[in-house]
Amino acid sequence: MGSLAEIIPQLRDRLPDVAPAVDALRAGLLVGVPTETVYGVAADASNPDAVARIFAAKQRPASNPLIVHTASSDDAGRLGNLGKRGEYLAEAFWPGALTIVAERIGEGRITDLVTAGLATIAIRVPAHPVMQALLIDFGSPIAAPSANRSGRISATAAEHVAADLGSDVAVILDAGPAPLGLESTIVSVVDTPRLLRPGAIVPEAIEEALGMRLAIAGRSELPEAPGMLSSHYAPSVPLRINAAAVRKGESLLAFGSNLPVGAATAVSIVNLSAEGDLVEAAANLFSSLRRLDQIGVPIAVAPIPANGLGLAINDRLRRASAPRQL
Ligand code: TXA
Ligand code: MG
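On a predicted model such as this, the values are computed, not experimentally measured, just so you know.

A.B. asks: What should I look at first to understand the side chain of D44 in this one?
C.D. replies: If you trace the backbone, D44 turns up in strand β3 (residues 40-44). Buried and unpaired, D44 has R26 as its nearest opposite-charge partner, separated by 7.7 Å. Of the polar contacts made by the side chain of D44, one reaches the side chain of S46; its length is 2.7 Å. Setting aside anything within four residues of it in sequence, one finds D44 in contact with L25, A50, V51, F138, S140 and P141.

Take a look at the structure:
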């Protein structure tokens, strides 16, 4: 592709026109799309060449499968065997920030590259009006991982997509900052319901909808969510979590009004939520990491409570701080 993406803006209260994105998808090209969780890089899930472009653009290993997005739960049910439990979850959370991993059905509709050859498929019905409009007008399932280079910080704004993948996507639909800012929660219903990735929907809500406890995917059960294995969400500078004090030469990712010792000498401070609100912190997480990454000095991250959305926030920060494999 080579040239830079055309960014289709949101004008005042009017959402961006999805028609150029539909044309691009039909032509087998990639599109940057807003969802309520994070921005995705989207392709026609039935087109092997288009899906291969996602893996190439992200430099994503072909062993790491993609989420398939559909306009409705009915469409999703034609791709995966949701079963009774999956249907409860669909009823409770779709359209929304939940991805369900189910036994794959409907052979042939989705190109095998999407599922990395697994017998299961990850499916989501997103709620974002622009993504919904795109799915309806395109009329077929859309494969879309987060619109960042593999292993790096997820994209929560059109500018992030342009910065990471601008020369690989034909069009970016700009709908402003992603409202939730964290990826979907992934639950497998292949057998006992299992949390594969904490995300924008807290596990307690899922347990309530299911009327049962969720199992947590363990290290021994790999590769259940192959993308969760390695250092991920990583800025280019080192990142240190649960920092009680800021060291010389570090910038600070703060949370709440109680700043760590030495905050006054931090190279730069970004606060995820001065009020200590985890919903606000989730929405700000990836854009804050990108801002601090640009400053170019190591990042100290203040402790963040582990309850509610704090589970997913801490999960992302742990992966961001993990030793790099590069
Ligand atoms: O919020 C989201 O989920 C965003 C938006 C764009 O929908 N998408 C997203 O996709 O986060 P991605 O590719 O960055 O993360 C998808 C995760 C990966 O960890 C992948 O390994 C896992 O889902 N996954 C996909 N198919 C799977 C399957 N069949 N079984 C287990 N895990 C799967
Ligand atoms: Mg991702």
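A.B. asks: In this structure, what is going on with the packing of aromatic side chains? I would like to understand it.
C.D. replies: A ring pair, where both rings are aromatic, is described by two values, the distance of the centres and the angle of the planes. Counted by the stated rule, this structure contains one aromatic pair. Ring geometry for Y233 against F286: centres 5.7 Å apart, planes inclined by 10 degrees, an arrangement best described as stacked. Of this pair, Y233 sits in the loop between β12 (215-216) and β13 (239-240) while F286 is found in helix α8 (residues 278-295), placing the two residues 53 residues apart along the sequence. No difference in accessibility class separates Y233 from F286, as the two residues are buried.

A.B. asks: Is there a simple way to explain helix α1 (residues 19-26) in this structure?
C.D. replies: In an α-helix, one turn spans 3.6 residues, which is why side chains three or four residues apart end up on the same side. Residues of α1 that are buried: A21, V22, A24 and L25. Angularly, the buried residues of α1 cover 165 degrees about the axis, an arc narrow enough to put them on a single face. Of the exposed residues in α1, the ones pointing more than 90 degrees away from its buried face are D23 and R26. Along its buried surface, α1 packs onto β2 (31-33), β3, α5 (129-138), β8 (142-143) and β9 (171-173).

A.B. asks: Mind showing me how you'd approach the packing of helix α4 (residues 83-93) against helix α7 (residues 203-210) here?
C.D. replies: In a packed pair of helices, the relevant descriptors are the angle between the two axes and the axis-to-axis distance. Packing of α4 against α7 brings their axes to within 9 Å, and their N-to-C directions diverge by 120 degrees. Considering their axes alone, α4 and α7 lie oblique with respect to each other. As α4 runs across α7, the sense of the crossing is right-handed. Across the interface between the two elements, R85, Y88, L89, A92 and F93 from α4 touch A205, I206, A209 and L210 from α7. Classifying every residue of the contact of α4 with α7 gives eight nonpolar, no polar and one charged.

A.B. asks: Explanation requested: the side chain of H160 in the structure shown.
C.D. replies: Looking at the element boundaries, H160 is found in helix α6 (residues 158-165). Within polar-contact distance, the side chain of H160 engages the backbone nitrogen of T156 at 3.0 Å.

A.B. asks: When you look at the sheet that holds strand β15 (residues 269-271) in this model, what are you seeing that I'm missing?
C.D. replies: Within a sheet, each strand pairs with its neighbour through backbone hydrogen bonds, oriented either parallel or antiparallel. Judged by pairing direction, the sheet is parallel, and its four strands sit side by side in the order β13-β16-β14-β15 without closing on themselves. Looking at strand neighbours, the two that pair on one side only are β13 and β15, the edges of this open sheet. Sheet topology places strand β14 (residues 251-254) next to strand β16 (residues 299-301); three bridges connect them, and they run parallel. Bridge pairing in β16 links L252 to A300. Each of β13, β14, β15 and β16 touches α8; the most contacted strand, β14, lies at about 170 degrees to it.

A.B. asks: I would appreciate a short explanation of the pattern of salt bridges in the present structure.
C.D. replies: Where charged atoms of side chains with opposite charge meet at close range, the side chains can pair. Taken as a whole, this structure holds ten salt bridges when the rule is applied. The partner of R124 in a salt bridge is E36, with the nearest N and O atoms 3.1 Å apart. Taken together, the residues R124 in strand β7 (residues 120-124) and E36 in the loop between β2 and β3 connect sequence positions 88 residues apart. Residue class for R124 comes out buried when judged on its relative accessible area of 2%. Take E36: its relative accessible area is 8%, and that puts it in the buried class. Put simply, E183, D315, R316 and R319 are held in one network by salt bridges that share partners.

A.B. asks: Teacher, can you tell me more about α5 here?
C.D. replies: Of the residues making up α5, those classed as buried are V130, M131, Q132, L134, L135 and F138. Trailing α5 by a residue or two, G139 shows a phi angle of about 80 degrees, which is positive.

What counts and what doesn't
Residues numbered from 1 in each chain as written. Chains lettered and ligands numbered in written order. Predicted model: local features only at pLDDT ≥ 70, side-chain atom pairs only at ≥ 80, totals over all residues. Heavy atoms only, no water. Helix = DSSP H or I, 4+ residues; strand = E, 2+ residues; numbered from the N terminus. Buried < 20%, exposed > 50% of the residue type's maximum accessible area, 1.4 Å probe, protein only. Lys, Arg positive; Asp, Glu negative; His and termini not counted. Salt bridge = Lys/Arg side-chain N within 4 Å of Asp/Glu carboxyl O. Polar contact = N/O pair within 3.5 Å; in protein donor to acceptor, adjacent residues only side chain to side chain. Contact = heavy atoms within 4.5 Å. Phe/Tyr/Trp six-rings, centres within 6.5 Å; stacked < 30°, edge-to-face > 60°. Arc of directions from axis to C-beta. Axes fitted to C-alpha atoms, helices over the stretch in contact; angles between N-to-C directions. Parallel < 35°, antiparallel > 145°, perpendicular 65-115°, else oblique. Left-handed = near helix turned anticlockwise from the far one by under 90°. Nonpolar A, V, L, I, M, F, W, Y, C, P; charged D, E, K, R; others polar. Pairing = 2+ DSSP bridges.

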